[in-house]
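What the coordinates show
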Amino acid sequence: MLTAECLYSTTMLKLSAQLNDEEFLGTAEDLAAFVSDKLASLGFGDRHRSTERLVRFYAYEGLLSKPERAPDDRRKANFGPLQVRQLLLARLLAERGWDLDRIRTLLHENRIIAQLNKLIDELATPTEAEKLFFRTRGSEEVSLLLSEPDAGSFKPSRHASPIYSSRDFSPSAMPSPRPSRKTSYSTVQQLRQIADSEESPAEALRMMIKKEMARDDLSPAARNLFEQLLAFNPTSRGDEPKTERWTKLRLAHWCEAHFNIDSRITPTKEELQGIVDNFSKALMNKYL
Amino acid sequence: MEVMNPPMNQPKIEILPLKKGFLRAAADATHVLVRFVAPAKPADATETPRAPLDLALVIDRSSSMSGRPIAAALESAVRIVRGLRDDDRVTIVAFDDHIEVVQSLIAVTDREALALRINAIDARGSTNLFGGWEEGVKQLAPFTRKDRIARVILLSDGQANQGLLNEQEIFAQVAKAAGAGITTSTVGLGHGFNESLMTGMAAAGEGVANFGQTADDLDEAFEEQFAIISNSFLRQVKVSVQGGSDVQVRLVGEILENGATRSRKLGTLPWDASLVAVIELKIGALAKADALAAVNFEAITKEGEKVKFGPALIALPEVDLVAFSVLPVDADVAALIDEALVAEKIEVIEALTRSHKFAEAKLAFEELLKRPGLSDWAKQKIEYLKRLLDEDAVMAAKEMRYGRTRMMSQTKESTMACYSMDVDDSAEAMKASYLRRKRADGQASKPKPPQGGTTGGQPPQA
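What you see is a predicted model, and the numbers here were worked out from it, not measured in a lab.

Scanning chain B from terminus to terminus reveals 12 helices and 17 strands. Taken over C-alpha atoms, the radius of gyration comes to 22 Å for chain B, in line with the 23 Å a tight globule of 462 residues would show. Dimensions along the principal axes, computed over C-alpha positions, put chain B at roughly 70 × 55 × 45 Å. Burial statistics for chain B: of 462 residues in total, 50% are counted as buried.

This is the structure in structure tokens:
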């Protein structure tokens, strides 16, 4: 029989108390799976899931503390309960429209497990004010990182991304915060989309700019730049560039004619004959 | 006088007509004063602790704030932080055309560290006022709780020139935040600050609008604001009135309109104080004397619960013209009703001043001074405004804006007394800061202390 105490503990158990992650120690992939499963079991939807790529992205962006090195294999990273909480909070807040800078600042100011537990419980559900003033969209970078990589998609090089460097798995405090910027990964993805676009690259760029301009948080300088770019962008496919094809005709050993016929035009036999007749007549009139 | 007698620790609604009778289908309106009165603090409580505060100090650091304005803003911000409790939290946002979170929301445990951060803010750049305000809201939004008071205090000259500039759209966003539990107060700084934007934001944000030139001027304003918060019995009080059959009603100074129901936000009701509203009734031939109008109040308790009080019915006996002409008038009720009506007239004079029609404005002030039954406070205020109009029309317009808002909305004593009597400065000084009647809104009314004095230099205690 359920007692009042049982009911209380069932209904009032805080989110942080339901993590049961004291024993957790694993790789980026393990961390992603653990937090995804945990959020799913707590009733959060599929949008809140994580992937190994996302974990590495967050680590690169300074949202997750650097993992400990495994004692048996120094090349192997061990994420623990601290990163579980960091990742869980980051996923919850990113899906509620928090940008990465804001999440990073929050996590940097709350570096120990007790503080993170308090934050998780306090921020478990969005307040009315938060729903009004934060756009509930997942971040673009996260959306890209949650999708399965297809052939030829961006693979961060060892030089571009320090997380792939074996030197980085050193037990230390949080990495120093990265300067505020959009990641190069998302920019490369966007440029790749433009380059691979079946429409004209100009049109794809225009669509990308128009999408960016819909952002509320765009700075005036960026908006001005985008407006200038749009002003120079063609609104239609425009004319196809002309392919000039000069044709040389030797009419006689003393006479050579060069013709450039617009490649878009296909003259009929009669039209060509008319041109020849007119040319002959002109020659005769001129020289005879 | 009709009084709804409440249980212990409940507010009471008092309906106080100017005259205890009405003339059916009269050309002139009938005026009724409605008071929403808080009980005295419980005798067994030594202190009724206020709800903890989550405060966003949003400071305009644009280049137009250079010099005295930003010095006043920073010093005021430091004084506010020093007056907060350990369980309060504060966030500091500085804005020009770039928004900087100087300090994200944090418990006020190290006041001096916060003071250092505030004092490091310098003036530069243009003004994205809405962006700065919005960031203040975003810092508070995820942490709003029913049992905490969330407030943005915007310190600015209101000279917005970047980001969202449309005032009505800004007010709509501010009202949205207030509806979600984050109120906004504003402090206008500098001689040329935009009072339309600043008072509009405070009205929409269900907060308080103040202005001043120095930190000492603002000290009094913050002392008042925090005293209200500290002594809060109910917050976000709103009055609404619905006319009975064949009765047109108007709330003097109303801001909201909702079909047949007129409503007005009254602000915070402290313990042992009252909030008033003046209702104007145009009573038609078919009106029912026992149900001329119904008045309702809604508010939020300290615990964050929404509560409603009422309806209180306005009922008056119908009398004939002779009887009506000899009906006595309660002087204090008349004084309060008159102050609200005078405040509306000052709005018209303010519009004349802004259109540079100074001669007409002065004439209008002179007409106001001839009004019979004018309270001493209203008279002193009008005389001050008339003098200021000659000296500094820009500042006069600001004083008119803030002054009429105060006349309309200021918290009153819980007892109906002394409004018709002459203002006694020493008696005013003894009152709680939010009950004092001031002639000038943009200046400290307390004498400035000598060097090392205790008054004015102390942080406003929250």
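Right, picking up where we left off after that structure.
Take the overall build of chain A next. Tallying secondary structure elements over chain A gives 12 helices and 4 strands in all. Burial status across chain A gives 20% buried among its 288 residues. Excluding contacts between residues fewer than 6 apart, the proportion of contacts in chain A whose partners are at least 24 apart in sequence is 65%.

Attention now moves to the interface of chain B and chain A. Taken together, the contacts link 15 residues of chain B with 12 residues of chain A. Residue assignment for the side of chain B that touches chain A shows that the elements contributing at least two residues are helix H3 (129-140) and helix H4 (167-179) of chain B. The leading source of residues in the side of chain B that touches chain A is H3 of chain B, at 3 residues. Grouping the amino acids of the side of chain B that touches chain A by side-chain chemistry returns 7 nonpolar, 4 polar and 4 charged.

Side-chain direction in a regular strand flips from residue to residue, so the side chains alternate between the two faces of the sheet. All names here are of chain B. Summarising burial for strand S5 (residues 89-95): 7 of the 7 residues are buried, a large majority. The pairing of strand S4 (residues 53-60) with S5 spans 7 bridges and is parallel. When the bridges of S5 are listed, alanine 56 appears paired with threonine 91. Running through helix H1 (residues 68-83), the crossover from S4 to the neighbouring parallel element S5 is right-handed. Note that S5 and strand S6 (residues 99-107) share 6 bridges and pair antiparallel.

Many structure descriptions define interface size as the accessible area lost when the parts assemble. Residue and element names in this part refer to chain B. Here chain B is partitioned into domain 1 (2-45 + 233-318), domain 2 (53-230) and domain 3 (331-423). Here domain 2 and domain 3 have C-alpha centroids that lie 28 Å from each other. On the side of domain 3, 7 residues touch domain 2, which itself brings 7 residues to the contact. Of all the elements in the fold, those that place two or more residues in the side of domain 2 that touches domain 3 are helix H5 (195-204) and strand S9 (206-212).

Attention shifts here to the sheet that holds S4 of chain B. Residue and element names in this part refer to chain B. Within the open sheet, the 6 strands sit side by side as S6-S5-S4-S7-S8-S9. Their pairing is mixed. Edge strands, defined here as strands with exactly one partner in the open sheet, are S6 and S9. Strand-to-strand twist in this sheet, taken as the mean axis angle between neighbours without regard to direction, amounts to 15 degrees. On top of the sheet, H4 reaches strand S8 (182-189) and S9; it is set at about 135 degrees to S8, its chief contact.

Our next topic: the confidence of the model for chain A. The predicted structure's coordinates, where accompanied by low pLDDT, should not be read in detail. Residues and elements named next belong to chain A. Taken over all residues, the pLDDT of chain A has a mean of 73, while the share at 70 or more is 67%. Across chain A, helix H4 (residues 81-94) holds the top mean pLDDT of 94, while helix H1 (residues 4-12) sits lowest at 41. Here residues 1-11 scores under 50 on pLDDT; set against residues more than four positions off or in separate chains, the count is 1 contact. Considering only residues more than four positions removed or in separate chains, one finds that residues 148-182, a stretch of pLDDT under 50, has 39 contacts.

Ranked by internal contacts, the top residues of the largest apolar core, which has 135 residues, are Val34, Leu57, Val58, Ala77 and Ile279 of chain B. Top element by residues in this core is helix H8 (residues 331-354) of chain B. It accounts for 11 residues. Core analysis: the next-biggest nonpolar cluster, separate from the first, contains 33 residues, Leu63, Leu64, Leu107 and Leu116 of chain A among them.

This next bit is on H1 of chain B. Every α-helix carries 3.6 residues per turn, so stepping three or four residues along brings you back to the same face. Taking 1.5 Å per residue, 16 residues should reach 22 Å; H1 of chain B reaches 22 Å between its end C-alpha atoms and fits that length. Turning to H1 of chain B, its buried residues number three or more, namely Pro69, Ile70, Ala72, Ala73, Leu74, Ser76, Ala77, Val78, Arg79, Ile80 and Val81 of chain B.

Before going further, it helps to examine the environment of histidine 356 of chain B. Residue and element names in this part refer to chain B. Tracing the chain through its elements places histidine 356 in the loop between H8 and helix H9 (358-369). Assessed through the 10 C-beta atoms surrounding it within 10 Å, histidine 356 is described here as exposed. Residues histidine 356 and valine 394 lie 38 residues apart in sequence; the distance between their C-alpha atoms is 9.8 Å.

Under the 1.5 Å per step criterion, the end-to-end length of helix H6 (residues 215-230) of chain B is 21 Å for 16 residues, consistent within 8% with the ideal 22 Å. In terms of burial, H6 of chain B is a largely internal element, 15 of the 16 residues being buried.

Moving on, we come to the pairing of strand S7 (residues 149-156) of chain B. All names here are of chain B. Burial of S7 is extensive: 8 of the 8 residues sit out of reach of the surface. With burial as the criterion, each face of S7 is covered, one bearing Ile149, Arg151, Ile153 and Leu155 and the other bearing Ala150, Val152, Leu154 and Ser156. The pairing of S7 with S8 spans 7 bridges and is parallel. Residue pairing in the sheet places alanine 150 in a bridge with isoleucine 182 of S8.

A word on the packing of helix H2 (residues 28-41) of chain A against helix H3 (residues 52-60) of chain A. Residue and element names in this part refer to chain A. Contact geometry for H2 and H3: axes closest at 8 Å, N-to-C directions at 105 degrees. By the angle between their directions, the pair H2 and H3 is classed as roughly perpendicular. For the pair H2 and H3, the contacting residues are Ala28, Glu29, Leu31 and Ala32 in the first and Glu52, Leu54, Val55 and Arg56 in the second.

On to the environment of serine 232 of chain B, then. All names here are of chain B. Tracing the backbone through its elements, the reader meets serine 232 in strand S10 (residues 232-243). Taking the C-alpha atoms as reference, serine 232 lies 31 Å from phenylalanine 95; in sequence the two are 137 residues apart. Non-local contacts of serine 232, meaning those with residues more than four positions away in its chain, are made with Arg50, Thr268, Pro270 and Lys302.

Next up on the list: the environment of glutamine 213 of chain B. Residues and elements named next belong to chain B. Here glutamine 213 lies in the loop between S9 and H6. Among the residues examined, glutamine 213 registers 19 C-beta atoms within 10 Å and is labelled partly exposed. Glutamine 213 sits 144 residues away from proline 69 along the chain, and the two C-alpha atoms are 6.7 Å apart. Excluding residues within four positions of it along the chain, glutamine 213 makes contact with Arg68, Ala72 and Gly442.

To continue, consider unusual backbone geometry. Along the chain, glycine 310 of chain B connects to proline 311 of chain B via a cis peptide bond; the corresponding omega equals 5 degrees. Positionally, proline 311 of chain B belongs in strand S16 (residues 306-314). With phi around 50 degrees, asparagine 20 of chain A is a residue other than glycine that occupies positive phi space. Note that asparagine 20 of chain A resides in the loop between H1 and H2. Residue class for asparagine 20 of chain A comes out exposed when judged on the 10 C-beta atoms lying within 10 Å of it.

Once that is clear, we can look at the confidence of the model for chain B. Residue and element names in this part refer to chain B. Residues with a pLDDT of 70 or more make up 90% of chain B, whose mean pLDDT is 86. When pLDDT is averaged over each element of chain B, S5 comes out on top at 97 and strand S12 (residues 256-258) at the bottom at 46. Note on residues 448-459: pLDDT is under 50 here. Beyond four places in sequence and across chains, it has 15 contacts. Overall fold confidence for the complex sits at a pTM of 0.71, while the interface term, ipTM, reaches 0.77.

How each quantity is defined
- All residue numbers here refer to positions counted from 1 along the written sequence of the relevant chain.
- Here every chain gets a letter starting at A, and every ligand a number starting at 1, in the order they are written.
- Confidence filtering applies because this is a predicted model: local features only for residues at pLDDT of at least 70, side-chain atom pairs given and counted only at 80 or more, and all residues used for totals across whole chains, interfaces and linings.
- Every helix listed is a DSSP run of H or I at least four residues long, and every strand listed is a run of E at least two residues long, numbered separately from the N terminus.
- Note on method: radius of gyration uses C-alpha positions; expected globular size equals 2.2 Å times residues raised to 0.38.
- Note on burial: count the other C-beta atoms lying within 10 Å of the residue's C-beta; 20 or more is buried, 12 or fewer is exposed, in between is partly exposed, and C-beta positions come from the backbone.
- Remark: residues whose backbone-derived C-beta atoms lie within 7 Å of one another are considered to be in contact.
- Any residue that is not Ala, Val, Leu, Ile, Met, Phe, Trp, Tyr, Cys, Pro, Asp, Glu, Lys or Arg is counted as polar, Gly included; the first ten are nonpolar and the last four charged.
- We call two strands paired when DSSP finds no fewer than two bridges between them.
- The definition of a right-handed crossover adopted here requires that, viewed with the strands pointing away, the path from the first strand over the helix to the second runs clockwise.
- Note: domain ranges come from an automatic or database domain assignment.
- Here the axes come from fitting lines to C-alpha atoms, over the contacting stretch only for helices, and the angles between their N-to-C directions go from 0 to 180 degrees.
- Per-residue confidence from the predictor is reported as pLDDT, which spans 0 to 100.
- Each nonpolar core comprises buried Ala, Val, Leu, Ile, Met, Phe, Trp, Tyr and Cys residues, the members being joined through C-beta atoms within 7 Å.
- The span one expects for a helix is its residue count, reduced by one, times 1.5 Å.
- Should an angle fall under 35 degrees it is taken as roughly parallel, and over 145 as roughly antiparallel, whereas 65 to 115 is taken as roughly perpendicular and any remaining angle as oblique.

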